[in-house]
Amino acid sequence: MGFNGQYEYNIMIDTVDDAKAIVAIATKLKGKIVLRSDSKFSVNAKSLLGVLLAKKLNWSNLRIVMEEDHYNEFQKFIVS
C-alpha cells in the first residue's frame with residue numbers, strides 16, 4: 001500500500017478495544033488513514049481486521065499516517 005501521508009504519529013494499541021476504537025474513529029473521518037510499521041508494512045486503519053493484524057503481529061514502531069491532521073481524534077493512542 002504505497003501511501004505517503006502528510007501527518008504521521010507513533011501510536012500504541014494495547015487492547016482489542018483500542019483497536020476497535022481506532023477503527024471506529026478512522027471510519028468517521030475523511031481521507032486515507034493507514035497504520036504503518038518500521039518494516040514498511042501497512043494496513044488500512046479503517047479495517048478492523050487490518051488493525052487487529054497489526055496488533056497481533058506486534059509491529060515495531062507502529063505509526064498512524066493520514067492525509068489530514070486528525071491528531072485530536074487519535075490523541076489517546078499517540079505516544080512520544
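Residues numbered from 1 in each chain as written. Predicted model: local features only at pLDDT ≥ 70, side-chain atom pairs only at ≥ 80, totals over all residues. Heavy atoms only, no water.

A.B. asks: Which residues make up the pattern of salt bridges, and what are the values?
C.D. replies: Evaluation of the coordinates by the stated rule reveals 2 salt bridges. Where Glu 8 meets Arg 63, a salt bridge forms, and the shortest distance between an N and an O atom there is 2.5 Å. Of this pair, Glu 8 sits in strand β1 (residues 7–10) while Arg 63 sits in strand β4 (residues 63–66), placing them 55 residues apart in sequence. Residue class for Glu 8 comes out partly exposed when judged on its relative accessible area of 37%. Classification of Arg 63 as buried rests on a relative accessible area of 9%. Across the pair Arg 63 and Asp 38 runs a salt bridge, and its minimum N-O distance is 3.2 Å. Linking Arg 63 in strand β4 with Asp 38 in the loop between β2 (33–36) and β3 (42–44), this pair joins segments that are 25 residues apart in sequence. Residue Asp 38 is classed as partly exposed on the basis of its relative accessible area of 41%. Taken together, the shared-partner salt bridges in this structure form one network comprising Glu 8, Asp 38 and Arg 63. (Salt bridge = Lys/Arg side-chain N within 4 Å of Asp/Glu carboxyl O. Helix = DSSP H or I, 4+ residues; strand = E, 2+ residues; numbered from the N terminus. Buried < 20%, exposed > 50% of the residue type's maximum accessible area, 1.4 Å probe, protein only.)

Purely spatial values, then, with no claim about function.
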